[in-house]
Every structure is written in structure tokens, then in C-alpha cells.
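# Structural overview for review
Single-letter residue listing:
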Amino acid sequence: MVKFFMLILLIVFLPCKLCLSDSTLSSSEVTTVINKVESIKPIKVKVIESDIVLALIDVESAGNDSAYNSSEDAVGCLQIRPIMIREVNRVLKKLDEDRRFEIKDRWDRSKSIEIFTIWRTYHHPDSDNETISRNWNGGPDGYKKESTVKYWKKVKGRLDVSK
């Protein structure tokens, strides 16, 4: 009975939670951002289902673009740390791209989604949602860490609700 009640709460309040802020992007806006990233060459961006992006945003920040975790210096809707900015800029340089992200871009939802998409496309072109989620949370070997199992369950729960 408790599980049923929790499911009803998630079904009713999760969509509301994702739409609380004017800065929340709709699925079509997420797709627009992803398409923008696709124009970066030579990266061949595989279209990412917006559900994984929205699920990660909900788990990371409950949709709050101003979320800040001072203990990790994690910022924005996807809780991006400075090391991720450095990694994505390294990838862009390796691919001979002129574009670079700045530390302040973590506060911008569209740029955060672009950062995630570049990281995911380069490091996880064929990975499943579990591997992507666990590595987003736990770093390059996140999929091997016991500490990321609970995180994956949260993301999976958001994905299951969105179906």
C-alpha cells in the first residue's frame, strides 16, 4: 500500500516538480539543445532520449538550475563539477573544435545539457542508461562502484515513471 501511495505521489508531483521553474526546458527544448550539439563536428552525436537527461536533472537537482553543492563544487541542474568542464574541453580540443566551455556555463541549463551530451557521446556512444548514469555519478569507473547502485535506482525510478 505504501509503494502504491508513493507511486501516485511520483506520478502526480514529478511532472509538476520538473515544471516549477521558468528555466525548465521541455522535452522539445532538450531535443533542440541536443540537435545544436549534433552540429559540432567531427563529433557524431547519437540522439539521446531526453528521458535520461530529464531523469538525471531530477535526481541531481530536482530541476533547480541554481542548485549548488559546496562540498563538491557541483553546480546547476546536472551538478557539474569543474573537472567535467575540463574533460569536455579536453575532448573538444582533441576533436579540433574551437569551442570551449567556461566554469560559469554550469549554471546554464542548455549549456549543461550540451556538456552532458558531449561527454556522453564521446565516452558512452553505445552504453546503456545504467552505465551512463553510474559513470555520471561516480566518474570513469562509476559503473563498477557499489556507491553508484543507489544513484542508479533513483534514476531508473524516474525513467520508469516517465514511461
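Residues numbered from 1 in each chain as written. Predicted model: local features only at pLDDT ≥ 70, side-chain atom pairs only at ≥ 80, totals over all residues. Heavy atoms only, no water.

## Re the layout of surface pockets
As a volume, the largest pocket reaches approximately 560 Å³. Arg 81, Met 84, Asn 135, Trp 136 and Gly 139 are, among the 20 residues lining the largest pocket, the residues nearest its centre. Of all elements in the fold, only α4 (82-94), α5 (109-123) and α6 (129-138) reach the threshold of two or more residues within the lining of the largest pocket. Counting residues per element, the lining of the largest pocket draws most heavily on α6, which supplies 4 residues. Each residue belonging to the lining of the largest pocket can be placed in one class, and the counts come to 8 nonpolar, 8 polar and 4 charged. (1 Å grid on protein atoms, 1.4 Å probe; cavity = no way out; pocket = protein on both sides within 12 Å on 5 of 7 lines; lining within 4 Å. Points joined across faces, edges and corners; volume = space filled by probe spheres on them. Helix = DSSP H or I, 4+ residues; strand = E, 2+ residues; numbered from the N terminus. Nonpolar A, V, L, I, M, F, W, Y, C, P; charged D, E, K, R; others polar.)

## A closer look at the side chain of Ser 133
One can find Ser 133 in helix α6. Ignoring sequence-local partners within four residues, the contact set of Ser 133 consists of Ile 52, Leu 56, Tyr 151, Trp 152 and Val 155. (Contact = heavy atoms within 4.5 Å.)

## So, the nonpolar core
Among the nonpolar cores identified, the biggest contains 26 residues, and Leu 56, Leu 78, Val 88, Phe 116, Trp 136 and Val 155 are the most heavily contacted of them. With 6 residues, the top contributor of residues to this core is helix α3 (residues 50-61). Filtering out sequence-adjacent residues up to four positions away, Trp 136 remains in contact with Leu 56, Glu 60, Leu 78, Ile 80, Met 84, Phe 116, Trp 119 and Tyr 151. (Core = buried A, V, L, I, M, F, W, Y, C linked by side-chain atoms within 4.5 Å. Buried < 20%, exposed > 50% of the residue type's maximum accessible area, 1.4 Å probe, protein only.)

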